[in-house]
Amino acid sequence: MKVVKDYIKKLGFVFKEIFKAGPSVFFLSIGSMAIAGISPVLITYLTAELIEKLGQNIGNDSQTVYVKVIGAFIVMFLLVVISYATESIKTVICAVAGLKLSHNIENLVADKFQSIKQERIDNPEFLDLHSNTLNRCGSEPLNLMESLFGTVANVISLIGYTIIIAKHNIIAFLVIVIFTIPIIVFKRKYQGLTFRFYNERTMQLRRIMYYLELLTEPEYTNEVRGYRLYDYIRDQREELFRDFINGNTKIAAKEITVSLITSLISMIGAILVGVWLIHKTIAGTISVSEFYLLITAIMTLATDLLALSDQIASNSKSMMFINYIFDYMEEPNLIENSDLKITEKSIHDICFENVSFKYTGSDNYVLKNISVSFNTSETVCLVGENGSGKSTFVKLLLRIYDPTEGRILLDGIDLKAYDINEIRKFYGVLFQDYVKFSDSVHNCIGFGNIDNIQNDEGIAEAAKLTGADTFIENYKDGYETNLSKMFFNDAIEPSGGQWQKIAISRAVYSDAQVLVLDEPTAALDPKSEVKMFDTFKNISELKSTIIISHRMYITKLSNKIILLENGNLVEEGSFEELIKVKKEFYSMYKIQSDSYSMSVE
Ligand SMILES: Nc1ncnc2c1ncn2[C@@H]1O[C@H](COP(=O)(O)OP(=O)(O)OP(=O)(O)O)[C@@H](O)[C@H]1O
């Protein structure tokens, strides 16, 4: 019962989506289904009638005979034309609706994707589902509808032919059906096999695509060429593809063999009945027109039953693919959200309370029992060696991940109690792997505050603060200049440092209360870096700032330094305090300052 309910639910979804994409497809398909079901039976019947009439009227060329015979012929012809025209119109409209349908399903996936936890997105199993849903599900609802309506049309025509045959001899009908049953069972089984094969190989297919991207995407070109990786990657791709195609060929060969054998078996019934009909016609028990009617009905019944087996198999395969959409939509690993708003006040308290964190799939804690608090009147600097957990600390703060143990409190309340959008508005972030949007300079900065993206002055001010204005003003179209050559031939491709300044401007432009800057000077030249130091000084006077940096001099800006080592909080305090105690921070600072005291001689 549950299976049936489930099936109906999924069909409901499919039809709803198709209807949304184009109601005309839906009605045309119903029309064409009825025509495709009825017209072959009618045409066969009318042809037999025509033969009968012609036989009876040989030598009689009266006008009434001509009217009757030609009339029947024209009706037959019209039926053929109508069914052909409906099919053609349906094909064109289906193509357009198919595009809309894919687009709508992509939107469903994109909407859902926004609510899925980052831990889940990091999981390759989820990425398989994600890729299957995006790649396969756009076309499958239409395929399912086509083959379902095709099945109904087939059943209608089967009923018609069954009536014709059964009226003459029910046993003849049963003989044909019995021999056709095995093919229906086998086809269904082998479609399941093909689906399972693709399902199991999704990761392999993703890897094949990944290698193709490495070989063809402009962003990888320099390294692939520079390190002469082309042959290596191409070989890897070839090897994977060979393995995939071998598996696929084995399944296809099995399918062809079984399909041939079962098709031959299914024809035995039709041949037996056909021989029996020939015998009856020669013996004079049935007329030639009856023979034509019955033999056509038998042949069509047999081929319709074969087509039915294909349609049943195709329905079940499409349904398996549609299951991806349902699995995706029912994905349970969602970001937990609440509705608490962040109170409006000038200083907010942030507190890590025994926070530990490990990434899913890993046994190692990346942050270990961290307890630290600071407030938004302070500038906080996170320092530590590579891999010590600084970016992870920030990701927990932004609720990209939630702590495995412990809590993070904002004004004494667990972050999880807040509306996630409030938290996102609360922070303006420069990520280490910031996005290089292919858009105008104006938008690349304006995206920092999407609600206020039209504010030209504000955007220019943000660029001025970070020093990005100096190169932007040299662009021919100023802030309207397009960045990145992905879509615009006359676009500018900023240098690494320029991109970084634009990304910092974006964070600065946000009206967030706290700025989080992860390695904000990594790509800057020494002069810009020194200037940026002044900028951060200005920014930190205007806004609360959390900076992650390996440039130890930046820590001078801060009121509070948090030093992480291998996931542990090893020191915290002001710059003066930490220098005074001469421990880990002091030695890190000293190593860097010594290495920078270079002689110019
Ligand atoms: N998505 C992830 N899945 C699993 N492990 C991760 C993930 N991201 C980071 N890690 C691991 O967590 C540890 C801390 O990484 P994190 O990026 O927080 O360090 P970091 O201090 O910011 O380093 P860096 O200075 O090099 O940027 C590293 O060992 C890293 O391998």
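Residues numbered from 1 in each chain as written. Predicted model: local features only at pLDDT ≥ 70, side-chain atom pairs only at ≥ 80, totals over all residues. Heavy atoms only, no water.

An unreviewed UniProt entry lists the chain under the name ATP-binding cassette domain-containing protein, with Sporofaciens musculi given as the organism. Per UniProt, the comment on the chain under Subcellular location (unreviewed entry) is "Cell membrane". (UniProt positions renumbered as here; feature names shortened; annotations may be inferred.)

Turning our eyes to something else, we now look at the overall build of the chain. Counting its regular elements, the chain contains 20 helices and ten strands. In summary, the chain has a C-alpha radius of gyration of 36 Å against a globular reference of 25 Å for 601 residues, an excess of more than 25%. C-alpha extents for the chain along the principal axes are approximately 120 × 55 × 50 Å. Residue burial in the chain is summarised as follows: out of 601 residues, 44% are buried. By sequence separation, contacts in the chain at least 24 residues apart represent 75% of the contacts at least 6 residues apart. Counting every atom, the chain has about 32200 Å² of accessible surface; 59% of that belongs to carbon and sulfur. Positive and negative charge centroids in the chain, built from 59 and 72 side chains respectively, lie 5 Å apart. (Helix = DSSP H or I, 4+ residues; strand = E, 2+ residues; numbered from the N terminus. Rg over C-alpha atoms; globule rule 2.2 N^0.38 Å. Buried < 20%, exposed > 50% of the residue type's maximum accessible area, 1.4 Å probe, protein only. Contact = heavy atoms within 4.5 Å. Areas by Shrake-Rupley, 256 points an atom, 1.4 Å probe, with all protein chains shown as cover. Lys, Arg positive; Asp, Glu negative; His and termini not counted. Charge placed at Lys NZ, Arg CZ, Asp CG, Glu CD.)

Looking now at the sheet that holds strand E2 (residues 367-375). Taken in spatial order, the four strands make up an open sheet running E2-E1-E4-E5, and their pairing is antiparallel. The open sheet has two free edges, formed respectively by E2 and strand E5 (413-414), since each of these has just one partner strand. (Pairing = 2+ DSSP bridges.)

Quick look at the packing of aromatic side chains now. One pass over the full model with this rule turns up 22 aromatic pairs. Considering the side-chain rings of Phe-471 and Tyr-475, the 6.0 Å spacing of their centres and the 65° angle between planes classify their relative orientation as edge-to-face. Here Phe-471 and Tyr-475 have matching classes, each one buried. Aromatic ring contacts, followed pair by pair, group Phe-195, Phe-321 and Tyr-324 into a single cluster. One Lys or Arg, Lys-10, reaches over the ring of Phe-326 and ends 5.6 Å from the middle of that ring. (Phe/Tyr/Trp six-rings, centres within 6.5 Å; stacked < 30°, edge-to-face > 60°. Lys NZ or Arg CZ within 6 Å of the ring centre and 35° of its normal.)

Before going further, it helps to spend a moment on a negative patch on the surface. On the surface, a cluster of negative charge is made up of Asp-456, Glu-457, Glu-461, Asp-477, Glu-480 and Asp-490. Within the element layout of this structure, Glu-457 appears in helix H15 (residues 456-466). (Patch = residues over 30% accessible without salt bridge, like charges linked within 9 Å, V, L, I, M, F, W, Y side chains within 5 Å. Salt bridge = Lys/Arg side-chain N within 4 Å of Asp/Glu carboxyl O.)

Right, let's talk about helix H1 (residues 2-21) for a bit. Here H1 spans 29 Å end to end across 20 residues, near enough to the 28 Å set by a 1.5 Å rise per residue. Among the residues of H1, those classed as buried are Lys-10, Leu-11, Phe-13, Val-14, Glu-17, Ile-18 and Ala-21. Taken down its axis, H1 places every buried residue within 155° of arc, on the same side. Exposed and oriented more than 90 degrees from the buried face of H1 are Lys-2, Lys-5, Ile-8 and Lys-20. Tucked into the core, H1 has its buried residues touching helix H2 (23-56), helix H3 (63-113), helix H6 (140-168) and helix H11 (288-329). (Expected span 1.5 Å × (residues − 1). Arc of directions from axis to C-beta.)

It is worth spelling out the UniProt feature "domain: ABC transporter" (unreviewed entry) in the chain at this point. Under the UniProt annotation, "domain: ABC transporter" (unreviewed entry) lies at residues 350-591. Summarising residues 350-591: 34% helix, 24% strand, and an end-to-end C-alpha distance of 31 Å.

The next point concerns the sheet that holds strand E6 (residues 427-430). Hydrogen bonding along the main chain pairs the strands of a sheet, whether they run parallel or antiparallel. With mixed pairing, the six strands of this open sheet are ordered in space as E6-E7-E8-E3-E9-E10. Looking at strand neighbours, the two that pair on one side only are E6 and strand E10 (568-573), the edges of this open sheet. Each adjacent strand pair in this sheet contributes to an overall mean axis angle of 15°, direction not counted. In this sheet, strand E8 (residues 544-548) lies alongside strand E7 (residues 514-518) in parallel orientation, the contact comprising five bridges. Within E8, the residue paired with Val-514 across the bridge is Ser-544. Strands in contact with helix H18 (residues 526-542) are strand E3 (379-384), E7 and E8; relative to E8, the strand with the most contacts, it is inclined by about 140°. (Axes fitted to C-alpha atoms, helices over the stretch in contact; angles between N-to-C directions.)

Another point: the environment of Thr-281. Mapping Thr-281 onto the fold places it in helix H10 (residues 230-282). For Thr-281 and Phe-291, which are ten residues apart along the polypeptide, the C-alpha to C-alpha distance reads 6.6 Å.

The next subject is the domain arrangement of the chain. Looking at the chain, the domain boundaries give domain 1 (2-329) and domain 2 (349-595). Placing the centre of domain 1 and that of domain 2 at their C-alpha centroids yields a distance of 55 Å. (Domains from an automatic or database assignment.)

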